[in-house]
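Working through the structure, step by step
Below, each chain spelled out in residue letters.
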Amino acid sequence: MAEPPVVPVFCTGVSAQVRRQRAKELGLGRHDNAVRYLGQDFGQLAEECRRSGTLFRDPSFPPAAASLGFRELGPGSSKTRGVQWKRPTELCPRPQFIVDGATRTDICQGALGDCWLLAAIASLTLNETLLHRVVPHGQSFQQGYAGIFHFQIWQFGEWLDVVVDDFLPTKDGKLLFVHSAEGSEFWSALLEKAYAKVNGCYEALSGGSTSEGFEDFTGGVTEWFDLRRPPADLYQIILKALERGSLLGCSIDITSAFDMEAVTFKKLVKGHAYSVTGAKQIPYRGQALELIRMRNPWGEVEWTGAWSDGSAEWHAVEPALRQQLMVKMEDGEFWMSFRDFLREFTRLEICNLTPDALQSRKFRKWNTRLYDGTWRRGSTAGGCRNYPATFWINPQFKIQLEEVDDDRDEDGGREPGCSFLLALMQKHRRRERRYGKDMETIGFAVYEYVGRSGVHLKREFFLANASRARSEQFINLREVSTRFRLPPGEYIVVPSTFEPNKEGDFVLRVFSEKRAGTEEMDDKIQATLPDEKVLGESEIDENFKQLFRQLAGPDLEISVTELQTILNRIIAKHKDLRTKGFSIESCRSMVNLMDKDGNGKLGLVEFNVLWNRIRNYLSIFRKFDLDKSGSISAYELRLALEAAGYRLSKRLHELLITRYAEPDLALDFDSFVCCLVRLETMFRESPGFSRPWTWTRTASSPSTCCSGSSSPCSPDQTLQVPSTTPRRFFPFFWLFSAEKAG
């Protein structure tokens, strides 16, 4: 009997994050060890298809309406009527993957507004080494053909190996999207499909910045140049970039939506991405003239001004040179003078394979470090410096610059300094477009700092200190990057969205010319609590005993329902507190936590401990209810917890807000009490929790599944727990086990 097929299961949550981080440290995600996207193994799938004599059909990105789009290209839209998915073998008698090598004329834009991506692909063809990192060798429609192809794409710090079938969307027998001018070549159409798969659908590729494509095909970092204020040596920068295999793109900014793809008098397209494919300084009428070559990914509509195809200026150029440079066919590629380029275009993007200063006359190896981070409402999404009340809650990273740049730097005369480049990239925004999300406006600020490591800086620091440097602008692009040169010292980088409470995931990349220490500034989980004196029955005040007898009834014990009645009667007398009352689940949780003898009720001593805690929580709550609204905000919660003696990590703050806050990010008193009771019980009954948690690779240590499952973890998913930790307090997820109070 044949064995059932193994279906890969993709996990999320803490255990999956730890496993992923560990695999990354072992080299997974490098180009030579790419992550199999969605767990699909190209070699295994291809072999299975050949063995069974079938052509591959991708279940994870099927030839169906949902793969096209969600709005303009959504199911039933006018633009998708009549679309048929066909394999290249159905479109022409002898399809080819690549004909005579990949060239920039293989990329002609179709009905999709992804000129930015196609400009990046066109630039990729100028560097064969880079091209075949993305488009692996050995793929064909003849030898070993099984209807399956694969491409390697960089995404947020790791390379993915992306598998696709060769069904392509067509209309009236022609490819709907990117196609080659030659007609029977399909590598560019299949690469576009792989990129659409990673981003969720084809429509997600509409509109963007060429730098996105540049970086996703190289893992490099992009720098921007405003052509209205260009550096004096920009042409030399472009020449060096082309020599080093950097990818270059340019565009003309638009002033309104009506300008999008409007064609100028001399046939340049506004709001459209062009790739820069060459630059040449030539002798012209006794002077050296700087020319630049560009390509429109449409494959047509070319510049008609000076130095365009067939223009009169070419007649004054030496014949051999003219023959070498002159482009006569309408293929979207053209030359223009550098002076006209600066006058007509407004933005230039250069993606460096390493962020070596293009102005440098020598090659320098940069040190790189990458951090993943999140912005979450109420806990880590504080907005920019314009919002001083919340700016401090953003994630923080420290850079320690120790070694100055080489003294032999060509810009001699500058003060000694340390060069580094920061690149902040928001993650997965294209994939989330179908859910109404788009790029957030992002940026970062840099502060000089001397002090303890591993401590999240508070509001007072940012109110008292001005930023030492910042990103050039906050902008709604996928990535913002800026190069800096600062004196040796310690600096704090604070990445943020422009407005607070904008959620997202991000990657912060730090490139430094010399060795530099970097770390995330995050508080270690610990608690400093005053000694809690547990009184014996004989020590408890007689007035309290009498109150207890009235509340508890004949059995002299307080049940869950009795506790709910007691707390809600008391809280109702405090008109200044916002509350919906303690729920039965909250009270059951408190009884379970405080019940020492396990009978499901609270005796006199147990109730006395809970009573004193709640009185203490009330005084803290009122102290940090700064606006006297009867509730505390998510930001005030962080300060209140610190006043109560708790120092918690960024991740734990995120979880607490998710668990206990209302939709308006406020905490009622009952939710605040539930949160504090759980935290205090955990730390008091489990002293090991005051020590930092550490993930260890071990197959023998006692463990429980990190995801909360009763099933044992695999050896590489084990969480080492302090031996004093009672199993019922493992791990922090028990904080969130009951339904939300109220």
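Conventions and cut-offs
Each chain carries its own residue numbering, running from 1 in the written order of its sequence. For a predicted model such as this one, the threshold for reporting local features is a pLDDT of at least 70, and the threshold for listing and counting side-chain atom pairs is 80 or more; totals across whole chains, interfaces and linings nevertheless cover every residue. Only hydrogens and water are set aside; all other atoms, that is, all heavy atoms of the structure, feed into the side-chain values. UniProt positions are given in the numbering used here, feature names are shortened, and annotations may be inferred rather than shown by experiment. Here, strands pair whenever DSSP counts at least two bridges between them. A run of DSSP states H or I qualifies as a helix once it reaches four residues; a run of E qualifies as a strand once it reaches two. Both are numbered from the N-terminal end. Orientation is described by axes fitted as lines to C-alpha atoms, over the contacting stretch for helices, and by angles from 0 to 180 degrees between their N-to-C directions. Only heavy atoms enter the contact rule, under which two residues are in contact if any of them lie within 4.5 Å. In this analysis a 1.4 Å probe is tested at points of a 1 Å grid over the protein atoms alone, and where it fits but cannot get out there is a cavity; an open set with protein on both sides within 12 Å along at least five of seven lines is a pocket; lining residues have an atom within 4 Å of a point. Grid points are joined across faces, edges and corners, and a volume is the space filled by probe spheres set on the points. By the criterion applied in these results, polar contacts are pairs of N or O atoms within 3.5 Å in which, for protein atoms, one can donate a hydrogen and the other can accept it, and in which residues neighboring in sequence qualify only through two side-chain atoms. When accessible area is computed with a 1.4 Å probe and restricted to protein chains, residues below 20% of their type maximum are described as buried, those above 50% as exposed, and intermediate ones as partly exposed. The rule for a salt bridge is simple: a side-chain nitrogen of Lys or Arg has to be within 4 Å of a carboxyl oxygen of Asp or Glu.

- As annotated in an unreviewed UniProt entry, the chain is Calpain-1 catalytic subunit from Lonchura striata.
- UniProt annotates the chain under Function (unreviewed entry) with the comment "Calcium-regulated non-lysosomal thiol-protease which catalyze limited proteolysis of substrates involved in cytoskeletal remodeling and signal transduction."
- Regarding the chain, the relevant UniProt record gives this comment under Cofactor (unreviewed entry): "Ca(2+)".

1. With respect to the sheet that holds strand β10 (residues 287-295)
- As summarised here, the arrangement of the six strands in space is β7-β12-β8-β9-β10-β11, forming an open sheet in which the pairing is antiparallel. Across the chains shown, the open sheet's two edge strands, defined by having one partner strand only, are β7 (221-226) and β11 (333-337). For this sheet, the mean inter-axis angle between neighbouring strands, taken without regard to orientation, is 35 degrees.
- Sheet topology note: the β10/β11 ladder contains five bridges and is antiparallel. Bridge pairing links Leu-291 to Ser-337 in β11.
- Helix α8 (residues 210-218) rests against β7, β8 (247-251) and β12 (347-352) of the sheet, and its axis sits at about 10 degrees to β12.
- Along the sheet, helix α9 (residues 234-243) makes contact with β7, β8, β9 (274-284), β10 and β12, crossing β9 at roughly 115 degrees.

2. Re empty space enclosed by the protein
- Counting across every chain of the model gives five cavities of 30 Å³ or more.
- Taken as a whole, the largest cavity spans an internal volume of roughly 80 Å³.
- Taken together, 15 residues form the lining of the largest cavity, with Phe-156, Asn-199, His-428, Arg-430 and Arg-478 sitting closest to its centre.
- When contributions to the lining of the largest cavity are tallied by element, the ones reaching two or more residues are α7 (187-198) and α8.

3. Some points on the side chain of Ser-311
- Mapped onto the fold, Ser-311 is located in the loop between β10 and α10 (319-325).
- Looking at Ser-311, its side chain comes within polar contact range of the main-chain nitrogen of Trp-307, at 3.1 Å.
- Here Ser-311 is in contact with Gly-305 and Ala-306, once residues within four sequence places are set aside.

4. What about the pairing of strand β15 (residues 418-426)?
- With respect to burial, β15 is a largely interior element, nine of its nine residues being buried.
- Residues Cys-418, Phe-420, Leu-422, Leu-424 and Gln-426 point to one face of β15 and Ser-419, Leu-421, Ala-423 and Met-425 to the other, with burial holding for every one of them.
- Across eight bridges, β15 lies against strand β18 (residues 479-486) in antiparallel orientation. Paired with Leu-422 across the two strands is Thr-482, which belongs to β18.
- Pairing of β15 with strand β20 (residues 504-512), which is carried by seven bridges, proceeds in the antiparallel orientation.

5. Remarks on the environment of Cys-587
- With respect to the helices and strands, the residue Cys-587 is situated in helix α15 (residues 584-594).
- A C-alpha to C-alpha distance of 9.1 Å links Cys-587 and Glu-562, two positions 25 residues apart in sequence.
- Dropping the residues within four chain positions of it, Cys-587 is found in contact with Val-560, Leu-563, Gln-564, Leu-567 and Phe-582.

6. Structural notes on the UniProt feature "active site" (unreviewed entry) in the chain
- In this numbering, the UniProt entry assigns the feature "active site" (unreviewed entry) to Cys-115, His-272 and Asn-296. Over a stretch of 182 residues, the named residues converge on one spot in the fold, their C-alpha atoms separated by at most 8.4 Å.
- Considering the arrangement of structural elements, one finds Cys-115 in helix α5 (residues 115-124).
- You can call Cys-115 buried: its relative accessible area is 7%.
- When neighbours within four sequence positions are excluded, Cys-115 is seen to be in contact with Gln-109, His-272, Ala-273 and Pro-297.
- Relative to the helices and strands, Asn-296 resides in the loop between β10 and α10.
- Each residue touching Asn-296, except ones within four places of it in the same chain, is listed here: Val-269, His-272, Tyr-274, Val-301 and Gly-332.
- At 3.0 Å, the side chain of Asn-296 and the backbone oxygen of Glu-300 are in polar contact.

7. Section: the pattern of salt bridges
- Following the criterion strictly, the structure yields 43 salt bridges and no others.
- Linking Asp-523 and Lys-458 is a salt bridge whose minimum nitrogen-to-oxygen distance equals 3.6 Å. With Asp-523 in the loop between β21 (516-520) and β22 (526-527) and Lys-458 in the loop between β16 (442-448) and α12 (459-464), this pair connects stretches of sequence that are 65 residues apart. Of the two residues examined, Asp-523 and Lys-458, each falls in the buried class.
- For Lys-580, the salt bridge is made with Asp-668, and the minimal N-O distance between the two is 3.5 Å. Residue Lys-580 is located in the loop between α14 (560-572) and α15, and its partner Asp-668 is located in the loop between β25 (666-667) and α19 (669-685); the two are separated by 88 residues in the primary sequence.

8. Things to note about the environment of Ala-389
- Its place among the elements puts Ala-389 in the loop between β13 (367-375) and β14 (397-401).
- By relative accessible area, Ala-389 is classed as partly exposed at 43%.
- Residues Ala-389 and Arg-459, spaced 70 residues apart in sequence, show a C-alpha to C-alpha distance of 7.0 Å.

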